[in-house]
Amino acid sequence: MDYGKWKYEEKKRKNENKKKTKIVETKELQFRPNIEKHDFDTKVKRAVKFLGKGDKVKVSLRFKGREFAHKEEAQKIFDNILEELGDLATLDVKPKFEGRQMMMILAPGETSKD
């Protein structure tokens, strides 16, 4: 067996595998607990754009000062986001607290591409 030929074919196989892989980026959207409707809609449109490209979206909600006492508002915002995105996104990581912020990760959903 020719070692040079084997090495060349191995390199070609690795390049073929590299071509087939898709790099999934994670984009982040930051919300606040008392976000207004228009700002909310704008950020949801950005999420739709990111998900349409096939990227994951990390939604983080940051608390400052006394806002931390209203954790139920954060859950309402996350529910609204999931409702707005509908079947376009699937929940990858459930909402959870990390210090003074709450976050969740959305992955592109199952959409039919005919």
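Coordinates for the structure precede this section.
By the secondary structure assignment, Glu67 is in the loop between strand E2 (56–62) and helix H3 (71–85). Owing to a relative accessible area of 16%, Glu67 belongs among the buried residues under this scheme. A polar atom in the side chain of Glu67 sits 2.7 Å from the side chain of Arg32. Among residues more than four places away in sequence, those in contact with Glu67 are Arg32, Pro33, Asn34 and Arg62.

Time to look at the layout of surface pockets. Roughly 180 Å³ of volume is contained in the largest pocket. As for the largest pocket, its lining consists of Pro33, Asn34, Ile35, Glu36, Lys37, Phe40, Glu73, Lys76, Ile77, Asn80, Glu83 and Glu84. Residue contributions to the lining of the largest pocket peak at 6 residues, all from H3. Each residue belonging to the lining of the largest pocket can be placed in one class, and the counts come to 4 nonpolar, 2 polar and 6 charged.

The next subject is H3. The periodicity of an α-helix, 3.6 residues per turn, causes residues three or four positions apart to be oriented the same way. Counted at 1.5 Å a residue, the expected span for H3 with its 15 residues is 21 Å, and the 22 Å between its end C-alpha atoms agrees. For H3, the full list of buried residues reads Ala74, Ile77, Phe78, Ile81 and Leu85. The buried side chains of H3 occupy one side of the element, clustering within an arc of 95° when seen end-on. The elements touched by buried residues of H3 are strand E1 (26–31), helix H2 (37–53), E2, strand E3 (89–98) and strand E4 (101–108). In the stretch just after H3, Gly86 is the one whose phi turns positive, near 55°.

Turning next to the packing of aromatic side chains. As enumerated under the stated definition, the model contains 5 aromatic pairs in all. Each ring, one from Phe31 and one from Phe40, has its centre 6.0 Å from the other, and the planes form 55°; the classification is tilted. For Phe40, a relative accessible area of 7% corresponds to the buried category. The residue whose ring lies beneath Lys43 is Phe31, and the NZ or CZ to ring-centre distance is 5.6 Å. The residue whose ring lies beneath Lys71 is Phe97, and the NZ or CZ to ring-centre distance is 5.2 Å.

Helix length check: helix H1 (residues 3–20), at 18 residues, gives a terminal C-alpha distance of 26 Å against a target of 26 Å (1.5 Å per residue), a fit within 8%. The backbone nitrogen of Gly4 has a side-chain oxygen 3.4 Å away, supplied by the residue at the start of H1, namely Asp2.

Position of Asp55 relative to the elements: it lies in the loop between H2 and E2. No salt bridge is formed by the buried Asp55. Its closest oppositely charged neighbour is Lys27, at 4.4 Å. Excluding residues that lie within four positions of it along the chain, Asp55 makes contacts with Val24, Glu25, Lys27, Phe50 and Pro108.

Rules behind the numbers
Residues numbered from 1 in each chain as written. Predicted model: local features only at pLDDT ≥ 70, side-chain atom pairs only at ≥ 80, totals over all residues. Heavy atoms only, no water. Helix = DSSP H or I, 4+ residues; strand = E, 2+ residues; numbered from the N terminus. Buried < 20%, exposed > 50% of the residue type's maximum accessible area, 1.4 Å probe, protein only. Polar contact = N/O pair within 3.5 Å; in protein donor to acceptor, adjacent residues only side chain to side chain. Contact = heavy atoms within 4.5 Å. 1 Å grid on protein atoms, 1.4 Å probe; cavity = no way out; pocket = protein on both sides within 12 Å on 5 of 7 lines; lining within 4 Å. Points joined across faces, edges and corners; volume = space filled by probe spheres on them. Nonpolar A, V, L, I, M, F, W, Y, C, P; charged D, E, K, R; others polar. Expected span 1.5 Å × (residues − 1). Arc of directions from axis to C-beta. Phe/Tyr/Trp six-rings, centres within 6.5 Å; stacked < 30°, edge-to-face > 60°. Lys NZ or Arg CZ within 6 Å of the ring centre and 35° of its normal. Lys, Arg positive; Asp, Glu negative; His and termini not counted. Salt bridge = Lys/Arg side-chain N within 4 Å of Asp/Glu carboxyl O.

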